2 protein chains.
Amino acid sequence: MLSTTDNVEPMGRREQNKIDTRRAIADAAFDLARSVGPGAFTVDQIAERAGVSRRTFFNYFHSAEDALTVRVDGFLDLAIEVFGKLPQDEPLFDSIISAFIETTRMEGLSQHGELFRMAAVNPELLRAQLHSWERAEVRIVEALRSRLGSGASDLYLNSLVGCVLSCTKAAMRDWASDTPTSGDDSGADLEARILAVLTMLRDGFADPGVGSMGRPRSSS
Amino acid sequence: MLSTTDNVEPMGRREQNKIDTRRAIADAAFDLARSVGPGAFTVDQIAERAGVSRRTFFNYFHSAEDALTVRVDGFLDLAIEVFGKLPQDEPLFDSIISAFIETTRMEGLSQHGELFRMAAVNPELLRAQLHSWERAEVRIVEALRSRLGSGASDLYLNSLVGCVLSCTKAAMRDWASDTPTSGDDSGADLEARILAVLTMLRDGFADPGVGSMGRPRSSS
DNA sequence: GCGAAACTTGCACGCTGTGCAACAAAGGGG
DNA sequence: CCCCTTTGTTGCACAGCGTGCAAGTTTCGC
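Bear in mind the structure is a predicted one, so any value in this text is a computation, not a measurement.

Caption draft 1: Expanded view of the overall build of chain A. Each helix and strand in chain A was counted, giving ten helices and zero strands. Shown N-terminal to C-terminal, the secondary structure of chain A runs as helices and strands in the order α-α-α-α-α-α-α-α-α-α. Here the analysis covers contacts within chain A between residues at least 6 apart in sequence; of these, 65% occur between residues at least 24 apart.

Caption draft 2: View of the protein's contact with DNA strand D. The full set close to DNA strand D counts 21 residues, and Arg14 and Thr56 of chain A together with Arg13, Arg54 and Arg55 of chain B are the nearest of them. Separating a phosphate oxygen of DNA strand D from a backbone N or O atom of Arg13 of chain B is a distance of 2.4 Å. In the environment of DNA strand D, a phosphate oxygen lies 3.1 Å from a nitrogen or oxygen atom belonging to the side chain of Asn17 of chain B. Considered class by class, the residues forming the surface near DNA strand D number four nonpolar, nine polar and eight charged.

Caption draft 3: Quick look at the packing of helix 8 (residues 123-148) of chain A against helix 8 (residues 123-148) of chain B. Two numbers describe how helix 8 of chain A lies on helix 8 of chain B: the axes approach to 9 Å, and their chain directions differ by 100 degrees. Taken together, the axes of helix 8 of chain A and helix 8 of chain B lie roughly perpendicular to each other. When helix 8 of chain A is examined against helix 8 of chain B, the residues Pro123, Glu124, Leu126, Arg127, Ala128, Leu130, His131 and Glu134 of chain A are found in contact with a partner set consisting of Pro123, Glu124, Leu126, Arg127, Ala128, Leu130, His131 and Glu134 of chain B. Within the contact of helix 8 of chain A with helix 8 of chain B, the residues separate by chemical class into eight nonpolar, two polar and six charged.

Caption draft 4: Examining the interface of chain A and chain B more closely. Each side of the interface is counted separately: chain A has 42 residues, and chain B has 42 residues. Summing both sides of the interface, chain A and chain B together bury roughly 3,600 Å²; the carbon and sulfur share of this comes to 63%. Linking chain A to chain B there are four salt bridges. A salt bridge links Arg127 of chain A to Asp66 of chain B; the nearest nitrogen and oxygen atoms lie 2.6 Å apart.

Caption draft 5: Structural view of the environment of Gln129 of chain B. Residues and elements named next belong to chain B. Relative to the helices and strands, Gln129 resides in helix 8. C-alpha separation for the pair Gln129 and Arg71, spaced 58 residues apart in sequence, amounts to 9.8 Å. Setting aside chain neighbours within four positions, we find Gln129 in contact with Thr69, Val72, Leu115, Phe116 and Ala119.

Criteria and thresholds
Residues numbered from 1 in each chain as written. Chains lettered and ligands numbered in written order. Predicted model: local features only at pLDDT ≥ 70, side-chain atom pairs only at ≥ 80, totals over all residues. Heavy atoms only, no water. Helix = DSSP H or I, 4+ residues; strand = E, 2+ residues; numbered from the N terminus. Contact = heavy atoms within 4.5 Å. Near = heavy atom within 4 Å. Polar contact = N/O pair within 3.5 Å; in protein donor to acceptor, adjacent residues only side chain to side chain. Nonpolar A, V, L, I, M, F, W, Y, C, P; charged D, E, K, R; others polar. Axes fitted to C-alpha atoms, helices over the stretch in contact; angles between N-to-C directions. Parallel < 35°, antiparallel > 145°, perpendicular 65-115°, else oblique. Buried area = accessible area lost by both parts, 1.4 Å probe. Salt bridge = Lys/Arg side-chain N within 4 Å of Asp/Glu carboxyl O.

If you want it as structure tokens, here you go:
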């Protein structure tokens, strides 16, 4: 099982405090968004709940919405990390697909669904999330460049990664809107969607009715 | 040639004034961004230059960055409009490709390049532009739904449109960074990029070296 | 013209984001 | 253990943002 806390090497007080504070702020922001709704609270409220000053909040995040995107960043960072550990001689798309599939097994997946649904009703949060995906795109392009060498142009790389992320985003959004308030982190539905949509991307979009995508409820 | 002012039907003073004001504000914002740099000016300055009050500015836009995205919105709206006028029995991807190719012939294309370059150094503007593409995505999905009927699932539609827009975005970004301060709206380079990248999308990403994409400067 | 509807403007108010300087906590010798 | 440096926290101040409101002004339909 995947975990974000596998670095158990000795860590100074300084470093640990910063991680704790960051986490406390992010949790406070998420709790508030959950209870009163996204965009319906102030930075002061987050800071108070996290037990820090207003000023300290802004030492960690640029805005209230940014504090809500650390989970999205975490998801994408994890996907990149998983991708990096896969065998380099595997076909590219297989690596990409299994990296995302693996990543859906992370903890707290239902929170991601919630965040997607929040973004659907809060423009500012949506922008923050889009920016988060955009930043991940840059990192992934970097990771791919070192794998593909100079055999691929910037335009090719950016298009490829953009498409992969668009499809993943679409799969997650679809999953999030179909799975309201699922308390049990059911990643199976999400996995199926990501697999379907990335496979389709690999093989081309030419025919709308291909594979398991065209007609949603026609089994086989 | 394409134009955004082909509606010459009788228009009341009210409507015309609003259009003029909106345009004045957007132009003022763009001029300012161009001269002092994006993010280096206030809403008051935009309002003053546009000859309206601060309050009126906020009646038209939510933020300074929003005033800079009307051109992006215009580009995408135009693409949708062009797409809608194409024959419905043409293959889907051909319609999509020629819609975007046609749209690159619009006026003021070099400004779009400038805006892309501005967004590269201004996070807030980048977010606004990402949001603009996102909103267009919703509209395009809507347009496609009425064309494809109920034969395609939401997930399929969102993935398809997301990929098309990602590729177009990548093409424009690539073009913008390769074409700094081109005063002559040279859309040919952009057309070639969009054609290459959307064609690749149609046929699948399986092989990195396929077509004219893999090795940038190896003719044929 | 004249009244209704729509638009502009100034004002007020709370919130945002950041520079700055004082304070506190952690780390590293001697 | 103390002192000094480094690093993080906090309060303060201040310019700017975004919006509700009410009073003007312009446009429209009759």
